[in-house]
Amino acid sequence: MLNLQFFLQCQYQEESLKKKSKGRACKNTGSYLVSRMAERPPRRPRVAWEARAPQESSSPLKPYEVCMVQPLQTDGSWLAVCEKESVRCIQAFLKSTEKDEAQKMRFLQSIRTLCRATRHKGLSQGLDVFCPRDELAENIRALLQEEPRDHLRTAVRQQAMLAIAALSSAEAVPEGQTIPLLDACFSSVFCLPPKEDMQGLDTSLYHKTLHAMDTMLQTVVLGSPASSLSKELQSILQMLLTFTKSPSAAVRERAVGRIGTLSYLLASYSSLEAWCPFGREDDSPACHGGIHIPILGELLGRLILLSFCKDKETSRAALHALHHLFRFLQQQRCSAWPEDNLQHQRVWGAASTSCRSLPSTSATTKVFGKYLQPLERTDIILTAIEAMTDASISDKEGASSMLDEAMKDPNSWLTDVPKIMSGIHGNLEHIRVAPARHSVDSLLLLLTNRCPREVVKSLLKCSPPVDSAALAMWEVMFSRLQPLEKVLRELRIELRNQRMRRLFSTVLEDTCILQLTLLAASDVRAKEFAATYNLWRSLRHQSLEMLSLVLQGLVTLSQRPETARKMRVLLEDIVETLESGNEDIQMKALLVFRNMLGHMRRQEASPIALQLAEKLLPLFNHESSQLREFSLRLFREVMQKVAWRHKRQMRKNVRQGLLPLFFHLSDQSQSVAKASGEALLAAAELLKWKQLRHLLQTQQTWRIGECLVVQDRSRAEEYCHQSLPHLKDAQATVREAAVRFIGLAARPLRDQSPEKLAEICRALKALEKDVEPSVCSLASQTVLILRQLIPQHTLAAVVFDKFSPRPGFPPKVAVFDHNLSTVAGFSLGGQRAKGKWQPPKEAGLPGELPDALPFQQPLAAQPTLTWAQGTKRHPRSAKLASLHASRCSEVATSCVLWAGTALPGAQFHTEGLKPKGGASCPATSAQ
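Positions within a chain are numbered from 1, following the residues in the order the chain's sequence is written. In keeping with the predicted nature of the model, local features appear solely for residues at pLDDT of at least 70, side-chain atom pairs appear and are counted solely at 80 or more, and the whole-chain, interface and lining totals rest on all residues. To get the side-chain values, all heavy atoms of the structure are used, and hydrogens and water are removed first.

Re the overall build of the chain
Okay, so step 1: Across its full length, the chain holds 42 helices and seven strands.
Okay, so step 2: In the chain, 69% of the contacts between residues at least 6 apart in sequence involve partners at least 24 apart. The numbering of helices and of strands both runs from the N terminus, where a helix is a DSSP run of H or I of at least 4 residues and a strand a run of E of at least 2. For this analysis, residues touch if any pair of their heavy atoms sits within 4.5 Å.

Some remarks on the pattern of salt bridges
Okay, so step 1: The salt bridge definition used is simple: a Lys or Arg side-chain nitrogen within 4 Å of an Asp or Glu carboxyl oxygen. Here the structure, examined in full by the defined rule, presents 27 salt bridges.
Okay, so step 2: With a closest N to O distance of 3.0 Å, E485 and R560 form a salt bridge. With E485 in helix α24 (residues 481–497) and R560 in the loop between α28 (544–557) and α29 (561–566), this residue pair connects regions lying 75 residues apart in the sequence.
Okay, so step 3: Residue R560 is classed as buried on the basis of its relative accessible area of 12%.
Okay, so step 4: Here the salt bridges do not stand alone but share partners, grouping K245, E298 and E386 into one network. Remark: exposure states derive from per-residue accessible area (1.4 Å probe, protein chains only) relative to the maximum for the residue type, with buried under 20%, exposed over 50%, and partly exposed in between.

A closer look at the confidence of the model for the chain
For any part of a model where pLDDT is low, the fine detail of the predicted coordinates should not be relied upon.
Okay, so step 1: pLDDT is defined as a per-residue confidence score from the predictor, taking values between 0 and 100. Per-chain confidence: the chain averages 74 in pLDDT, with 66% of residues scoring 70 or above.
Okay, so step 2: Ignoring residues within four places in sequence, the model shows residues 1–75, a span with pLDDT below 50, making 110 contacts including any to other chains.
Okay, so step 3: The low-confidence segment residues 832–927 (pLDDT under 50) makes 177 contacts with residues lying over four places distant or belonging to another chain.

Structural notes on helix α31 (residues 583–598)
Okay, so step 1: Each residue after the first adds 1.5 Å to the expected span of a helix. Compared with the 22 Å implied by 1.5 Å per residue over 16 residues, the 23 Å span of α31 between its first and last C-alpha is a close match.
Okay, so step 2: By the criterion of burial, α31 is predominantly enclosed, with twelve of the 16 residues buried.
Okay, so step 3: In the core, the buried residues of α31 are packed alongside α23 (468–477), α28, α29, α30 (571–577), α32 (602–616) and α33 (625–641).
Okay, so step 4: Measuring from the backbone nitrogen of D584 back to the side-chain oxygen at the start of α31 gives 3.0 Å, which picks out N582 as the cap. Under this definition, polar contacts are N or O atom pairs within 3.5 Å; protein pairs additionally need one hydrogen-donor-capable and one acceptor-capable atom, and for neighbouring residues in sequence, both atoms have to be side-chain atoms.

Focus on the nonpolar core
Okay, so step 1: Buried Ala, Val, Leu, Ile, Met, Phe, Trp, Tyr and Cys residues that are joined via side-chain atoms within 4.5 Å together make up what is termed a nonpolar core. Of all hydrophobic cores here, the largest spans 232 residues; its most connected members are I140 and W474.
Okay, so step 2: Top element by residues in this core is helix α10 (residues 203–222). It accounts for ten residues.
Okay, so step 3: If we skip the residues at most four places from it in the chain, I140 touches F107, L108, I111, A160, A163, I164, L167 and L181.

Considerations on the side chain of T383
Okay, so step 1: If you trace the backbone, T383 turns up in helix α17 (residues 374–387).
Okay, so step 2: For T383, a relative accessible area of 6% corresponds to the buried category.
Okay, so step 3: One polar contact links the side chain of T383 to the main-chain carbonyl oxygen of D379, over a distance of 2.7 Å.
Okay, so step 4: When neighbours within four sequence positions are excluded, T383 is seen to be in contact with G297, E298, G301, R302 and L305.

Regarding the packing of aromatic side chains
Okay, so step 1: Two rings from Phe, Tyr or Trp (for Trp, the six-membered ring) form a pair when their centres sit within 6.5 Å of each other. Planes less than 30 degrees apart are called stacked, planes more than 60 degrees apart edge-to-face, and all others tilted. All chains considered together, the criterion is met by 13 aromatic pairs.
Okay, so step 2: Consider the rings of F663 and F741, whose centres lie 6.0 Å apart with planes at 80 degrees: the pair is edge-to-face. Of the two residues, F663 is situated in helix α34 (residues 647–663) and F741 in helix α39 (residues 732–745); the sequence distance between them amounts to 78 residues.
Okay, so step 3: Look at F663 and you get buried, because its relative accessible area is 0%.
Okay, so step 4: Here Y719 and F741 contribute two aromatic rings whose centre-to-centre distance is 5.7 Å and whose plane-to-plane angle is 70 degrees, an arrangement assigned as edge-to-face.

Description of the packing of helix α35 (residues 670–687) against helix α36 (residues 690–697)
Okay, so step 1: Between N-to-C directions, angles cover 0 to 180 degrees, with each direction set by a line fitted to C-alpha atoms, over the stretch in contact for helices. Following both chains from N to C, one finds α35 and α36 inclined at 155 degrees, their axes separated by 8 Å at the closest point. One finds that α35 runs roughly antiparallel with respect to α36. As α35 runs across α36, the sense of the crossing is left-handed. Contact with α35, carried on its side by G677, L680, L681, A684 and E685, involves L692, R693, L696 and Q697 of α36 and no other residues of that element.
Okay, so step 2: When residues are sorted by character, Ala, Val, Leu, Ile, Met, Phe, Trp, Tyr, Cys and Pro go into the nonpolar class, Asp, Glu, Lys and Arg into the charged class, and all the rest, Gly among them, into the polar class. Split into classes, the residues belonging to the contact of α35 with α36 amount to five nonpolar, two polar and two charged. Every angle not falling under 35 degrees, over 145, or within 65 to 115 is termed oblique; those three ranges are roughly parallel, roughly antiparallel and roughly perpendicular. Take the far helix as the reference: if the near one is turned anticlockwise from it by less than a right angle, the crossing is left-handed, and if turned clockwise, right-handed.

A few points about unusual backbone geometry
Okay, so step 1: The backbone of E171 sits at a positive phi, close to 55 degrees, despite the residue not being glycine.
Okay, so step 2: You can see E171 is positioned in the loop between α8 (156–169) and α9 (178–190).
Okay, so step 3: Of note, the phi angle at Q699 is positive, near 60 degrees, even though the residue is not glycine.
Okay, so step 4: Among the residues examined, Q699 registers a relative accessible area of 63% and is labelled exposed.

Side note on α34
Okay, so step 1: With 17 residues, α34 should cover 24 Å at 1.5 Å per step; its first-to-last C-alpha distance of 24 Å lies within 8% of that length.
Okay, so step 2: The sharpest bend along α34 comes to roughly 40 degrees, located at G657, with the proline P660 sitting one to four residues further on.
Okay, so step 3: Within the sequence span of α34, burial applies to M650, N653, V654, G657, L658, L659, P660, L661, F662 and F663.
Okay, so step 4: The inward-facing, buried residues of α34 contact α32, α33, α35, α37 (704–711), α38 (716–723) and α39. The angle between axes fitted to the seven residues ending at a residue and the seven residues starting there is what we call the bend at that residue.

Here's the deal with the side chain of T154
Okay, so step 1: If you trace the backbone, T154 turns up in the loop between α7 (133–146) and α8.
Okay, so step 2: One polar contact links T154 to E147, side chain to side chain, over a distance of 3.2 Å.
Okay, so step 3: Beyond its immediate sequence surroundings of up to four residues, T154 is in contact with E101, E147 and L205.

Here's the deal with the packing of helix α5 (residues 101–120) against α8
Okay, so step 1: With their axes 9 Å apart at the nearest point, α5 and α8 run at an angle of 20 degrees to one another. For the element pair α5 / α8, the angle class is roughly parallel. In the crossing of α5 with α8, the sense of the turn from one axis to the other is left-handed. For the pair formed by α5 and α8, the contact residues are E101, M105, L108, Q109, I111, R112, C115 and R119 on the first element and V156, Q159, A160, L162, A163, A166, L167 and S169 on the second.

Brief notes about the environment of D441
Okay, so step 1: Structurally, the position occupied by D441 is in helix α21 (residues 434–450).
Okay, so step 2: Look at D441 and you get buried, because its relative accessible area is 18%.
Okay, so step 3: As for D441 and M473, which are separated by 32 residues in sequence, their C-alpha atoms are 8.1 Å apart.
Okay, so step 4: The residues contacting D441, other than those within four sequence positions of it, are L428 and V476.

Looking at the environment of P483
Okay, so step 1: As for its position among the elements, P483 is in helix α24.
Okay, so step 2: Distance from P483 to L445, taken between C-alpha atoms, is 6.7 Å for residues 38 residues apart in sequence.
Okay, so step 3: For P483, the contacting residues outside a window of four places in its chain are L445, T448, N449 and M477.

Thoughts on the environment of E509
Okay, so step 1: Residue position: E509 is located in helix α25 (residues 507–520).
Okay, so step 2: In the structure, E509 is positioned 34 residues away from S543 in sequence and 8.4 Å away in space, judged by C-alpha atoms.
Okay, so step 3: E509 has contacts with V466, F504, S543 and M546, leaving out every residue within four places of it along the chain.

Structural data, given as structure tokens:
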């Protein structure tokens, strides 16, 4: 950092040498100098700076000496040779269209030379005679904007900022041009790549460029009139704060360093004769009491957060800036107390020491908070809330700590409720980190408890009144019983006073909120309550958001036993919300049920538990782990709440949930797996299955699947059918558990349902391409084992010559299984001629014939045939051929012969075979 005292001392010595000349500004100045001297500020600008400064005695002010001056010679004869050369250089540059680096450097250096000359001779306004100040400012800004942003290889930036400093010291910066010039400087320097990423960087040039920016900022601030100093500081710091929010660590570090420069200037102001170097050597130094920085709260909040960031350079620069600002606040506070107050000095000495080595953001916030105004404290809170959404602040816990510290002293910090509510509303949806969101929710609940009326009024003024952020804030306030009761009380008042204005989006929403306020009243009877809440059914179709808010209110109000019992009349409506498909609504409905059951005796809760058990089963496989876990835990509570008269029906529901409970013992979420095990243990106790209970208690989970099959072999086919959907579960662990269980449960099906085995094989075949290798391997092995269990079928091919009641149509071929149920069929090819069917000239597969009509999908064991459901029609004449399943393709090829023709060389078995609903087929030879 540029040594400010050294800089100002050099300027002061230069001015002292100038004062030795007796003819100072009396011979060669224009008539405008008279008015310029008359505009000089009073000898003690403290009066102008400090509106509230205490009155102090002083000697009478001496009048200024006014010299008679001559009109300004516009031919430049009063300029030195080098100064005339600077004028020519500037004018040539302004007229030039192509400018190289050397011309740029001479132009900027000429501006400094000319500004120094006009300032020394008291002719700052005479600069316009030779070069318009507006053009100078515009050209400097253009040079800065033209500099490349990917490297720093020239001193153009450095010289441009020194030129701006020279213009400012000569009071030659056009009105309204200071901020645009500074913004061009910040953008040109801050946005350079990090030092280590700039190839061929001259480190000395880099530091000189930053030092030039520090010089420029000091000159601009110290050269500002006392009346506008606070405004100038506010504008500069606001620009710098914007750069501290950049995602680039290098940009943040450079911006914080410049804030440190200004902070040092503020902290040192009372000890510097700041006016002397700028032509105000007879004036007293400015007093801190007169400097007001409206952005101070936001500035402190940002620096506190950055002081604990991961980037060491930025953190160090922020700590330095905080230390200087603490000194600045200390000196402002000291002005209100006697300087010889030893107790005051000890307090501030200890505070200053602690500021240098503060352990956390909360401690830093606490130290500064004692000496800030309420508005500044509010700005720190808003800065912390905004930082929770800021990508440049990696440590969101620091922002949470700031809020937590503020909530410890709400009387001092939470004074501007509407402003804080507006800040929460604008940032809440963008806060993704759970601890940060928890801190904001805690702040909102604290505000609601302390100032419910202001909170409700502030939130109702949001536009639109029920946008997603406002609804989220309402839900937070509805999530705690005490704040909810206060909010409902205020909403009831607002709804009564609204006249023709709606508080929410629709009349239905207003009505539902009003009815929710009735529920909070303890004198409402259950029947009145039921009639009141009939309108809520409309919310499921019109406003899921408002339904979610109402359910949140029910969740909170159901914590009261008397209110929970009244909600029994809402049972049907709440059960229907479980089928809404909205995770948030489903979760809140389950919470209402849990609270209701918790406040009821077993006899009251039993019918509700019985109805709820069946509705919970689909939620066990929900994609949300939170909803899976909660539904499993509630299922356990439901089983324990059932009364003896309902246990038989409850056992039926529980048996339907055994497999999902077993599969989710392998859930990837540990909390879900634990909840599933607890629910399965409760099911074993309800069903009185001792072996299952023993396996769960001893954690022998690998034997549970076999136990379920052995316990009830009659349900093997049902178990297999119930397991198939779990083969498509999103979790590989659940899919693998389902495959293992199917391998156990499908074995008893070999003699009962071979068709079911074939269906299971097809489902498992699809898993051979699973993304999880373990699932692929297990599925392939299981398919091989199950295919060996499928029995070999004996099929019979039958050709119908007059199958259709309409004569002349093609005959059809049917294939029977060993039960003589028609399981396949196709029409023969050919054509109609004179009302009679003519066979094809050449035989082939049905699919190759032009008139072939395949029926349905092929069966797994016979992939070459086209299968259909059986028909109850009786063939007039048929020939029956019994073949092995592997020769079905030959049957299909041969059966396209003319009706009444048998397969050559085939045997016909008719003993005991009888088509369903028909007579036995006659035995026929193969000839």
